[in-house]
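Structural description and commentary
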Amino acid sequence: MIKYSIKDLEKFSGIKAHTIRIWEQRYQLLKPQRTETNIRFYDDEQLKYLLNVSLLVENGFRISQICGFSQEEFNEALRDIIDKGYPTKEDHQVNSIINELVIAMLDLDERRFEKILASSLLQRSFEQTLVKIIYPFLKRIGVMWRIGEVSTAQEHFIYQLIRQKIIVAIDGLLIPSSDSEKYLLFLPKSEFNDLLILLFTYVLKNRGKQCIYLGVDIPFRDLQHVTDISKPETIFTFIKAPASKIDTQAYIYELSEAFTSQNILITGNPYFMEELEYPDNVLLITGVDDLITMLED
């Protein structure tokens, strides 16, 4: 069982720890457990319950009303919100949808994921859903996984669902003109999670860019060979935060020196990547908004 502190609940639900304590005292909203050393903690079920409470509050329900619900009334209110497509202000709406996606991931609930995504697509384009909903959700998963609050199986479950949607969406885009800017996208040797680079591929191709996606685990010599053939203007890669900063810095210099005729874009964990040095032909992309800004400029 994963143990959550009240600060963890605040981080994942968006509800201040002070507010959670008041709700506990006034409405018995949650009942924290205690370790042998008398430290309070919460479990998975309590986190999911609080995420659902957050969703209801953001959609106009009063906390006193929520705490008076039977389980059936509570579930019915949630179903109504999902079916109606989250009629809330944009900032609260995004947080509500992300909370719902977290619950779908924790419960391995594909049906819930599909309903949440369909609801968002009624109000937004696919790219807007990627940028405003999916990308922040992936960032939250990354935090949860690093501190052990989501299992590898749960992470892979949701990643594969999202990956399938992006691949289908990419396939549905028009083929760019042959004279449009060409991007070569890949993951380096021993990198296997291509979800974010696929997301960036969609954003690029949706803006009329030619995209050659090589996939994962690409050796450097193969990258050189493909670049000689395809002659892209820009090379784009993703580097996960590795064990060695020295190795990553060396790889950046190697790319810069080998591909002097190309612009090189690199994305990854910004907290790690921003500590590195970048030659003139290498640009760090800190997120999808950063890429869109670059393209629009």
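Residues numbered from 1 in each chain as written. Predicted model: local features only at pLDDT ≥ 70, side-chain atom pairs only at ≥ 80, totals over all residues. Heavy atoms only, no water.

1. What to know about the packing of aromatic side chains
To keep it simple, the criterion reads: Put simply, two rings from Phe, Tyr or Trp (the six-membered ring, in Trp's case) pair if the centres are within 6.5 Å, and we call them stacked under 30 degrees between planes, edge-to-face over 60, tilted for the rest. For helices the rule is a DSSP run of H or I covering at least 4 residues; for strands it is a run of E covering at least 2, with both sets numbered from the N terminus onward. Burial classes: relative accessible area under 20% of the type maximum marks a residue as buried, over 50% as exposed, and values in between as partly exposed (1.4 Å probe, protein chains only).
On inspection of all chains with the given rule, the structure shows 6 aromatic pairs. Ring geometry for Phe200 and Phe236: centres 5.3 Å apart, planes at 40°, overall tilted. Remark: Phe236 occurs in strand β5 (residues 234–239) and Phe200 occurs in helix α10 (residues 195–206); sequence separation between them is 36 residues. An identical accessibility class is assigned to Phe200 and Phe236; each is buried. Seen in terms of ring centroids, Phe220 and Phe259 are 5.8 Å apart; in terms of plane orientation they differ by 45°. Their pairing is tilted. On the criterion of sequence distance, the pair formed by Phe220 in helix α11 (residues 220–230) and Phe259 in the loop between α12 (245–258) and β6 (263–268) is long-range, its members being 39 residues apart. Both residues of the pair, Phe220 and Phe259, belong to the buried class. Counting every residue linked through ring pairs, the aromatic cluster contains Phe220, Tyr251 and Phe259.

2. Points about the sheet that holds β6
Two modes of strand pairing occur in sheets, parallel and antiparallel, and in both the strands are linked by backbone hydrogen bonds. Our working definition: Should DSSP find at least two bridges between two strands, the strands are regarded as paired. Whenever a helix is involved, its axis is fitted only over the stretch in contact; in every case the axis is a line through C-alpha atoms, and angles between N-to-C directions fall within 0 to 180 degrees. The contact criterion used throughout is that any non-hydrogen atoms of two residues lie within 4.5 Å.
Judged by pairing direction, the sheet is parallel, and its 5 strands sit side by side in the order β4-β3-β5-β6-β7 without closing on themselves. Two strands in the sheet have a free side with no partner beyond their single neighbour: β4 (210–213) and β7 (282–285). Here the strands of the sheet are splayed against their neighbours by 25° on average, with no regard to which way each runs. As paired elements, β5 and β6 share 6 bridges and run parallel to each other. Bridge pairing in β6 places Phe236 opposite Leu265. Relative to strand β3 (residues 182–186), α11 is tilted by about 165°, and along the sheet it contacts β3, β4 and β5.

3. Structural notes on the packing of α10 against helix α14 (residues 288–296)
Formally: When describing relative orientation, an angle under 35 degrees is termed roughly parallel and one over 145 degrees roughly antiparallel, while 65 to 115 degrees is termed roughly perpendicular and anything else oblique. By definition, any crossing whose near helix is turned counterclockwise from its far helix by less than a right angle is left-handed, and any crossing with a clockwise turn is right-handed.
Running from amino to carboxyl end, α10 crosses α14 at an angle of 25°, the nearest separation of the two axes being 11 Å. By the angle class used here, α10 and α14 are roughly parallel. As for how α10 packs across α14, the hand of that crossing is right-handed. Across from Leu199, Phe200, Val203 and Leu204 in α10, the residues of α14 making contact are Val288, Leu291, Ile292 and Leu295.

4. What to know about the nonpolar core
Condition: We define the nonpolar core as a collection of buried residues of types Ala, Val, Leu, Ile, Met, Phe, Trp, Tyr and Cys that are connected through side-chain atoms lying within 4.5 Å of one another.
In terms of nonpolar packing, the biggest core is built from 73 residues, with Phe137, Ile158, Ile162, Ile166, Leu199, Phe236 and Leu291 touching the most fellow members. In terms of residue count, helix α8 (residues 126–146) provides more of this core than any other element does, 10 residues in total. Apart from residues lying up to four places away in sequence, Phe137 is in contact with Ile98, Leu101, Val102, Met105, Ile158 and Ile162. Core analysis: the second largest hydrophobic core is formed by 18 residues, Ile239, Tyr251, Phe272 and Leu284 among them.

5. Describing a negative patch on the surface
Applicable threshold: Residues with no salt bridge and a relative accessible area higher than 30% make up the patches, which join like charges within 9 Å and nonpolar side chains (Val, Leu, Ile, Met, Phe, Trp, Tyr) within 5 Å. Surface accessibility in these figures is a Shrake-Rupley result with a 1.4 Å probe; residues are shielded only by whichever protein chains are displayed. We define a salt bridge as a contact between a side-chain nitrogen of Lys or Arg and a carboxyl oxygen of Asp or Glu at a distance within 4 Å. Asp and Glu count as negative and Lys and Arg as positive, but His and the ends of the chain are not part of the count. Charge coordinates come from a single atom per side chain, which is NZ of Lys, CZ of Arg, CG of Asp or CD of Glu.
There is a patch of like negative charges on the surface, built from Glu72, Glu73, Glu76 and Asp80. Following the sequence through the fold, Glu72 ends up in helix α5 (residues 71–84). Glu72 sits in the exposed class, given a relative accessible area of 61%.

6. Some points on the pairing of β3
Put simply, the rule reads: If the strands point away from the viewer and the path from the first strand over the helix to the second runs clockwise, then the crossover is right-handed.
Burial analysis of β3 places 5 of its 5 residues in the buried class, which makes it a mostly covered element. On β3, burial covers both faces: Lys182, Leu184 and Phe186 on one face and Tyr183 and Leu185 on the other are all buried. Between β3 and its parallel partner β4, the chain crosses via α10, and the hand of that crossover is right-handed. Pairing of β3 with β5 involves 4 bridges; the strand directions are parallel. Residue pairing for β5: Leu184 is matched across the bridge by Ile235.

7. Considering α11
Going by this rule: This arc corresponds to the set of directions leading from the helix axis out to the C-beta atoms.
Among all positions of α11, only Phe220, Leu223, Thr227 and Ser230 are buried. Buried residues of α11, viewed axially, fall in a sector of 95°; they line one side. Facing away from the buried surface of α11 by more than 90 degrees, the exposed residues are Arg221, His225, Asp228 and Ile229. Looking one or two residues beyond α11, the residue adopting positive phi is Lys231, at roughly 50°.

8. Topic: the side chain of Lys209
Counted only if it meets this: By the criterion applied in these results, polar contacts are pairs of N or O atoms within 3.5 Å in which, for protein atoms, one can donate a hydrogen and the other can accept it, and in which residues neighboring in sequence qualify only through two side-chain atoms.
With respect to the helices and strands, the residue Lys209 is situated in the loop between α10 and β4. The class for Lys209 is buried, based on a relative accessible area of 18%. Polar side-chain contacts of Lys209 include one of 3.5 Å to the side chain of Glu181. Apart from the residues within four sequence positions on either side, Lys209 is in contact with Pro176, Ser180, Glu181, Tyr183, Leu204 and Leu295.

Interpretation in functional terms is not warranted from these geometric data alone.
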